[in-house]
Amino acid sequence: MSEAKKIFSFTIPEESIEELKLVAKVYMDEKLEKTYKFEKII
């Protein structure tokens, strides 16, 4: 059986992380019907 760390660890390029942050912010702003500063969410 593989270790959980090996199964669930992976690397994501910084560019993809920034895109994910943007998508998450847009989603949260829309669903919560209020604009939040993203830094405070994460």
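As shown above, the structure is provided for reference.
Conventions adopted
- Numbers given for residues are sequential positions, taken from 1 along each chain in its written order.
- The predicted nature of this model means local features are confined to residues of pLDDT at least 70 and side-chain atom pairs, given and counted, to a pLDDT of 80 or more, with totals for whole chains, interfaces and linings taken over all residues.
- As a rule here, side-chain values come from all non-hydrogen atoms in the structure, and water together with hydrogens is ignored.
- The way it works is that DSSP assigns letters per residue, a run of H or I at least four long becomes a helix, a run of E at least two long becomes a strand, and they are numbered from the N terminus.
- Classification of residues uses two cut-offs on accessible area relative to the type maximum, computed with a 1.4 Å probe and protein chains only: under 20% is buried, over 50% is exposed, and between them is partly exposed.
- Reported accessibility uses the Shrake-Rupley method at a 1.4 Å probe radius. Residues are deemed covered only where the shown protein chains occlude them.
- Think of a polar contact as two N or O atoms within 3.5 Å of one another; within protein, one of them needs to be a possible hydrogen donor and the other a possible acceptor, and neighboring residues in sequence only count if both atoms come from side chains.
- Each reported salt bridge corresponds to a side-chain nitrogen of Lys or Arg within 4 Å of a carboxyl oxygen of Asp or Glu.

## Examining the overall build of the protein
A count of helical and extended segments in the protein gives three helices and zero strands. The linear arrangement of helices and strands in the protein, starting from the amino end, is α-α-α. Relative to its 42 residues, the protein shows a buried fraction of 5%. With the model as given, the accessible surface of the protein reaches about 4,400 Å², and the carbon-plus-sulfur share is 60%.

## A short note on the environment of Asp-29
Along the chain, Asp-29 turns up in helix α2 (residues 14–32). Using a relative accessible area of 18% as the deciding quantity, one classes Asp-29 as buried. Polar contacts involving the side chain of Asp-29 include one to the side chain of Lys-25, which spans 2.7 Å.

## Here's the deal with the pattern of salt bridges
In this structure the tally under the stated criterion is two salt bridges. For Glu-18, the salt bridge identified is with Lys-21, shortest N-O distance 3.6 Å. Of this pair, Glu-18 and Lys-21 are both found in helix α2, three residues apart, which corresponds to roughly one turn of the helix. Classification of Glu-18 by relative accessible area gives partly exposed; the value is 41%. Given a relative accessible area of 33%, Lys-21 falls into the partly exposed group. Across the salt bridge formed by Asp-29 and Lys-25, the nearest N and O atoms sit 2.7 Å from each other. Remark: Lys-25 and Asp-29 occur in helix α2; sequence separation between them is four residues, near one turn of the helix.

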